Amino acid sequence: MSSPSSSPSTASSPSSTILPFGARISHDFWHALATLKLDTLKLSEAPVSIYGTYEAGARYTPGRPARLDLALGTPPPNVCALTGNLYVVNVGDHLATRKIELARDSQDTDLLVICHADLKKYVFTYYVRYACRSRLASYSRIEPPDATFSTLASQLAASPGTPHILADPSDHAIAFIDPTNGPSPGWPLHKAISLAPTESTTVDVVGYRGRRFPPVVLRVALQEATRIEVWEKDGSPTTIDLGSSMDPGILSSQARDLNLKLMRWRVAPSLDLASLSSTRCLVLGAGTLGCYVGRLLVAWGVNAMTFVDSGRVSFSNPSRQPLFTAADAAATTTSARGLPKAQAAADNLRAVVPTLKTQAHHLEIPMSGHSDAKLTVLDALDALVADHDALFILTDSRESRWLPTVLATRHNVPCFNAAIGFESFVALRHGGVGGEEVGCYFCNDVVAPMDSSKGRSLDEMCTVTRPGMACLASAHLVELFARAIGNLESPPHTTVRGTLTSIVTASPQKLAQCTACAPDIAALDNHELIRCVRTPSLAESISGLARLREAVDKMNDFWEDEEEEVL
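Residues numbered from 1 in each chain as written. Predicted model: local features only at pLDDT ≥ 70, side-chain atom pairs only at ≥ 80, totals over all residues. Heavy atoms only, no water.

**Some remarks on the overall build of the chain**
- Each helix and strand counted, the chain has 17 helices and 20 strands in total.
- When the 567 residues of the chain are sorted by exposure, 47% land in the buried category.
- For the chain, restricting intrachain contacts to residue pairs at least 6 apart in sequence, the fraction spanning at least 24 positions comes to 72%. (Helix = DSSP H or I, 4+ residues; strand = E, 2+ residues; numbered from the N terminus. Buried < 20%, exposed > 50% of the residue type's maximum accessible area, 1.4 Å probe, protein only. Contact = heavy atoms within 4.5 Å.)

Listed below in structure tokens is the structure:
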């Protein structure tokens, strides 16, 4: 390309100033990168394909670098773009060192971004570098453009993204999209002049600057190609804090999910967080156990929870039940003092993670052996169990656990049961997980649960227990839930019984004649079931437990007679 097709009328003084790019990185880019890091990259520092798009000078702001919009992946067709790689460094303290190493290993990369992502605070620190091989020695601005350059500019104007560099071999002219509209051309000039024949010492180039600005024509003096690079901010890092601008509820939820995803990086790669987060949990009882279980379910990523309780928050509750405050106990409604426990638990749990979906139902569970049990309440509870994916029975009496256990069996909903004594606890799960035939809370009983609330003193009406027992029982129970729903390999057992000095694990077998999980009991309709609630002996007869007990009694009588004959 020895000469232009016609001589220009004027020329400016030679210059070698090229206006660099300035990366514009949207919040969506960082959110996408955070997701990629957590779900795909994890601890890998492998390169990620990125690109930056630019347009003709209409988007250039005088006095500032030309705008380059970054995105993950590969550029779509018909756009002006630089392509390159992004590296996410795991350790923030190593970022400066890794910058040097990665830049050395990426000399042929046009666009390089090196960053560290603090995903607990949503703070990103990054470097941006542009590099290429260029033959530019200097350029002079010439005016006005001749017919050849006007034609090339018109071609780019008609389709400014196709291509971003246009060469006319017949007239030995080059045109490119110039992202600036000031006195200096933009970074794409380096790539444009690479199209000049190797024997040329000068080349004339036209830069298309959009419809609002006239094209610029440059006479470029060429030299041997050399590698050039430019770091944004002269090689200093840029820090962006998205945490301060994010919705606190979303930030809280994402920070919680971060802790769970970190488990999969090194410790539990099989952990199924999607199943945990989508499981709708029904928590019966919003007392000490219910409060601790609710908090732990949130920690495991559960996003939907319903509380059921008939009580109200009293002043004795907040010290033992972490979802309540003294203000909840002091609150006065139209009917009584103290907020309903179910509603207070649901509301206060949303204060922990605002994006949670919580519901509350103020109702008393029909209890085995209580003649005042109502069919309408049973129907409501039956609908709730059917509408959830996991059931937690955390009530404070044995008879209040019977009907929910029956309903869980009926609807094949995994059931998680916990109870505490003064210095002992039991936590167990059964049903609804892979067709397991494991024993429920009542499979060891020889009689149906009866009314145990009559004639009790104050200490017998309250759950008198060491404060730490509820924590232990709740922790073991929720870990059983995480193993069953989240595909964890441990714990392999279904039942935990413990004291302060020992813990015993087991997976007990199901009793075919159990009054709670026997098939004949689960098959009863609600009208028949409410009769069993009011008269527990019916459940013993229907399940076959009464006949089993009679057979055992006869066997005992037989062996007693045998012993008397021997004596």
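**Here we look at unusual backbone geometry**
- Phi at Tyr122 takes a positive value of approximately 55 degrees, unusual for a residue other than glycine.
- Tracing the backbone shows Tyr122 in the loop between β6 (111–118) and β7 (123–143).
- Classification of Tyr122 by relative accessible area gives buried; the value is 6%.
- In this structure, Asn412 takes a positive phi of about 55 degrees despite not being glycine.
- On the secondary structure map, Asn412 appears in the loop between α11 (399–410) and β17 (415–420).
- For Asn412, a relative accessible area of 53% gives the class exposed.

**Some thoughts on the side chain of His190**
- Inspection of the secondary structure puts His190 in helix α4 (residues 188–193).
- Excluding anything up to four places from it in sequence, His190 contacts Ile18, Cys132, Ser134, Leu136 and Ile228.

**Here's the deal with the side chain of Thr515**
- Looking at where Thr515 falls in the secondary structure, it is placed in the loop between β20 (503–506) and α14 (519–522).
- The contact partners of Thr515, leaving out residues within four places of it in the chain, are Trp402, Val406, Ala448, Pro449, Ile521, Ala539, Glu540, Ser543 and Leu545.

**Notes on the pairing of strand β11 (residues 216–231)**
- Examined bridge by bridge, β7 and β11 share 12 bridges and lie antiparallel to one another. Looking at the pairing, Ala131 lines up with Glu229 of β11.
- Of the strand pairs in this sheet, strand β10 (residues 202–208) and β11 are connected by 6 bridges, and their pairing is antiparallel. Looking at the pairing, Gly207 lines up with Val216 of β11. (Pairing = 2+ DSSP bridges.)

**Brief notes about α11**
- Within α11, 10 of the 12 residues are buried, which leaves the element mostly enclosed by the surrounding structure.
- Listed as buried for α11 are Glu399, Ser400, Arg401, Trp402, Leu403, Pro404, Thr405, Val406, Leu407 and Ala408.
- Asn412 sits one or two positions beyond α11 and adopts a positive phi of about 55 degrees.

**Observations concerning the sheet that holds β17**
- Taken together, 8 strands build an open sheet; the order of strands is β15-β14-β13-β16-β17-β18-β19-β20 and the sheet is mixed. Bordering the open sheet on either side are β15 (357–362) and β20, each of which pairs with just one other strand. Each adjacent strand pair in this sheet contributes to an overall mean axis angle of 10 degrees, direction not counted.
- Pairing of strand β16 (residues 390–393) with β17 involves 3 bridges; the strand directions are parallel. Following the sheet pairing, Leu391 is matched in β17 by Cys415. (Axes fitted to C-alpha atoms, helices over the stretch in contact; angles between N-to-C directions.)

**Concerning the packing of aromatic side chains**
- Applying the stated criterion across every chain, the model contains 12 aromatic pairs.
- With a centroid separation of 4.7 Å and an interplanar angle of 25 degrees, the aromatic rings of Trp30 and Phe124 are classed as stacked. A residue pair is termed long-range when its members are at least 10 positions apart, and Trp30 in helix α1 (residues 27–41) and Phe124 in strand β7 qualify at 94 residues. For the pair Trp30 and Phe124, one class covers both residues: buried.
- Taken together, a centroid distance of 5.0 Å and an interplanar angle of 20 degrees make the contact between Phe392 and Phe416 stacked. (Phe/Tyr/Trp six-rings, centres within 6.5 Å; stacked < 30°, edge-to-face > 60°.)

**Here's the deal with the pattern of salt bridges**
- In total, this model carries 19 salt bridges according to the counting rule given.
- Notably, a salt bridge pairs Lys191 with Asp110, separated by 3.5 Å at the nearest N-O pair. One end of the pair, Lys191, is in helix α4; the other, Asp110, is in the loop between α2 (95–105) and β6, and 81 residues separate them in sequence.
- For Lys191, a relative accessible area of 38% corresponds to the partly exposed category. (Salt bridge = Lys/Arg side-chain N within 4 Å of Asp/Glu carboxyl O.)

**Description of the environment of Val377**
- Looking at the secondary structure, you find Val377 in helix α10 (residues 375–386).
- Owing to a relative accessible area of 18%, Val377 belongs among the buried residues under this scheme.
- Considered as a pair, Val377 and Pro366 are 11 residues apart in the sequence and their alpha carbons are 7.1 Å apart.
- In contact with Val377, other than residues within four places in its own chain, are Leu363, Glu364 and Pro366.

**Considerations on the packing of helix α15 (residues 526–534) against helix α16 (residues 536–543)**
- Where α15 contacts α16, the axes come no closer than 4 Å and their chain directions differ by 120 degrees. Compared by their axis directions, α15 and α16 come out oblique. Across the interface between the two elements, Arg531, Cys532, Val533 and Arg534 from α15 touch Pro536, Leu538, Ala539 and Ile542 from α16. (Parallel < 35°, antiparallel > 145°, perpendicular 65-115°, else oblique.)

**As for the environment of Glu540**
- The topology assignment puts Glu540 in helix α16.
- Residue class for Glu540 comes out buried when judged on its relative accessible area of 6%.
- Between the alpha carbons of Glu540 and Pro449 there is a distance of 10.0 Å; along the sequence they are 91 residues apart.
- Among the polar contacts listed, one links the side chain of Glu540 to the side chain of Arg549, at a separation of 2.9 Å. (Polar contact = N/O pair within 3.5 Å; in protein donor to acceptor, adjacent residues only side chain to side chain.)

**Thoughts on α2**
- Within the sequence span of α2, burial applies to Leu95, Lys99, Leu102 and Ala103. Burial along α2 is one-sided: seen end-on, the buried residues are contained in an arc of 100 degrees. For α2, the exposed residues set more than 90 degrees away from the buried face come down to Ile100, Arg104 and Asp105.
- Residues of α2 that are buried make contact with β5 (80–89), β6, β7 and β11. (Arc of directions from axis to C-beta.)

**A short note on the nonpolar core**
- Of all hydrophobic cores here, the largest spans 64 residues; its most connected members are Trp30, Leu86, Phe124, Tyr130 and Val220.
- When residues in this core are grouped by element, the largest group, 8 residues, is from β7.
- If we ignore the near neighbours within four places in the chain, the residues touching Phe124 are Trp30, Ala34, His116, Ala117, Leu119, Thr238, Thr239, Ile240 and Leu242.
- Phe324, Leu356, Leu394 and Ile485 belong to the second-largest nonpolar core, a separate cluster that totals 49 residues. (Core = buried A, V, L, I, M, F, W, Y, C linked by side-chain atoms within 4.5 Å.)

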